[in-house]
Amino acid sequence: MPREEYQVPTSTTGASARGATHDARDVSARSVMTYLCGDCGGNVSLTKDALVACPHCAGRVLYKERTKRMVQFEAR
């Protein structure tokens, strides 16, 4: 199906307009990631389409922060 023919499905459950804008705000808040600069060690918050560079030192090596969630593996 061509992209021009695609129609976004609408909710038939009767969701309110306020709830729809609230969900869009949650999605935009989740799309911001925090990285650690490899050169200066500063925290860098980037959005999905942002330029990958540290605003403090213009370093382009950014490391993703380690998750705080417990990760457990089962060895056999």
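Just so it is clear, the model here is predicted, and its values are computed rather than measured.

A. Seen up close, the overall build of the chain. Of regular secondary structure, the chain possesses 1 helix and 3 strands. Starting at the N terminus, the α and β elements of the chain follow one another as α-β-β-β. With 76 residues in all, the chain has 11% of them scored as buried. Considering only residue pairs separated by 6 or more positions, the chain has 21% of its internal contacts joining residues 24 or more positions apart.

B. A look at the environment of P55. Residue placement: P55 occurs in the loop between strand 2 (43-46) and strand 3 (62-64). Overall, the relative accessible area of 62% leaves P55 in the exposed class. Taking C-alpha positions, P55 is 7.5 Å from V44, a pair spaced 11 residues apart along the chain.

Cut-offs used in this document
One numbering rule holds for all chains: residues counted from 1, following each sequence as written. Given that the model is predicted, a residue must reach a pLDDT of at least 70 before its local features are reported, and side-chain atom pairs must reach 80 or more before they are shown or counted; all residues, however, enter totals for whole chains, interfaces and linings. Note: side-chain values were computed over all heavy atoms of the structure, leaving out hydrogens and water. Helical segments are the DSSP runs of H or I of at least four residues, strand segments are the runs of E of at least two, and each set is numbered from the N terminus. Each residue is assigned to one of three classes by its accessible area relative to the maximum for its type, calculated with a 1.4 Å probe on protein chains only: buried under 20%, partly exposed between the two thresholds, exposed over 50%. By definition, residues are in contact when any of their heavy atoms lie within 4.5 Å.

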